[in-house]
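Observations on the three-dimensional arrangement
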Amino acid sequence: GIFCKDHQAYFTQGTDQTRFPLDHIHLPGNHNRHNIMASIAVGQLCGCSREAIQHTIENFRGLPHRLEWLGKVDQIGFYNDSKATNVNSTWYALETVREPIVWIVGGVDKGNDYSMLKDLVKKKVKAIIWLGEDNSKIVDAFKDLNITMVEAKTMSEAVNTSYYLGNKGYSVLLSPACASFDLFENYEDRGQQFKQAVRSL
């Protein structure tokens, strides 16, 4: 009952079709577009007005630490995706960011298989900064790609290194694919430290 074409979502119910422009949404990525389309369908089926649905999809900003856009420093963008504590979430983050990426990754490995990330990393990532007590699996997973790989001991060091390695037009992506409990209280603490370090550049 719903599909997307030319930056428009079309909801069809019976013989009625309602159009929702998607030009001004604030959530990046195809996965969020799918989420928005699902929300439109639910809103329509529950009897919400078209105007209320359109207002919501244009004004919803997402939640902190979930592919959160922080802005640019010297034409280098910064994304806080600290909530990405598994490989699948990080896949969506890497797929979403369009610019060349400096990727901050690592933490407490939960039996991760990083192979599903390899094609995206090869295509989009220019440098990897691993942050955590033991990131040997991450190093082993990507060492054959001949990408710059650097270890950081603190979030401040990771952000400063990412800024040094980045060029104009790059984006720095914190998307750890791991839990945070080795160096941080939780993913919120990790994300807050990332944001503070970016503000301090």
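Let me sum up the structure you'll find in this document. Residue numbers run consecutively from 1 along every chain, following the written order of its sequence. In keeping with the predicted nature of the model, local features appear solely for residues at pLDDT of at least 70, side-chain atom pairs appear and are counted solely at 80 or more, and the whole-chain, interface and lining totals rest on all residues. Excluded from the side-chain calculations are hydrogens and water; all other atoms, namely the structure's heavy atoms, are used.

Details of the overall build of the protein chain
Across its full length, the protein chain holds seven helices and nine strands. For the protein chain, the C-alpha atoms occupy an extent of roughly 60 × 35 × 30 Å along the three principal directions. The rule is simple: take the accessible area with a 1.4 Å probe, protein chains only, and divide by the maximum for that residue type; under 20% is buried, over 50% is exposed, in between is partly exposed. Burial analysis of the protein chain (201 residues in total) assigns 47% to the buried set. Residue exposure ignores everything except the shown protein chains as possible cover, and the areas themselves are Shrake-Rupley values with a 1.4 Å probe. When the accessible surface of the protein chain is totalled, it reaches about 10,600 Å², and 48% of it is carbon and sulfur. Note that His is not counted, nor are the chain ends; the positive residues are Lys and Arg, and the negative ones are Asp and Glu. Working definition for charges: the position is that of NZ of Lys, CZ of Arg, CG of Asp or CD of Glu. Charge centroids of the protein chain, computed over 22 positive and 23 negative side chains, lie 5 Å from each other. Only DSSP runs of H or I reaching four residues or more are called helices, and only runs of E reaching two or more are called strands; each is numbered from the N terminus.

Overview of the environment of Lys83
Tracing the backbone shows Lys83 in the loop between strand E5 (76-80) and helix H3 (87-96). For the pair Lys83 and Val73, spaced ten residues apart in the sequence, the C-alpha separation amounts to 22 Å. It only takes one pair of heavy atoms within 4.5 Å for two residues to be counted as in contact. Setting aside its immediate chain neighbours within four residues, Lys83 contacts His65, Arg66 and Tyr187.

A few points about the sheet that holds strand E3 (residues 16-21)
The three strands lie next to each other as E1-E2-E3, forming an open sheet whose pairing is antiparallel. The open sheet has two edge strands, strand E1 (2-5) and E3, and neither has a second partner. Strand-to-strand twist in this sheet, taken as the mean axis angle between neighbours without regard to direction, amounts to 25 degrees. Where E1 lies against strand E2 (residues 8-13), four bridges are found, and the strand directions are antiparallel. Looking at the pairing, Lys5 lines up with Gln8 of E2. Docked against the sheet, helix H1 (residues 30-45) engages E1, E2 and E3, running at close to 35 degrees with respect to E2. One bridge is not enough; two strands pair if DSSP finds at least two bridges between them. Lines are fitted to the C-alpha atoms to define the axes, a helix being fitted only along its stretch in contact, and any angle between axes, read from their N-to-C directions, falls within 0 to 180 degrees.

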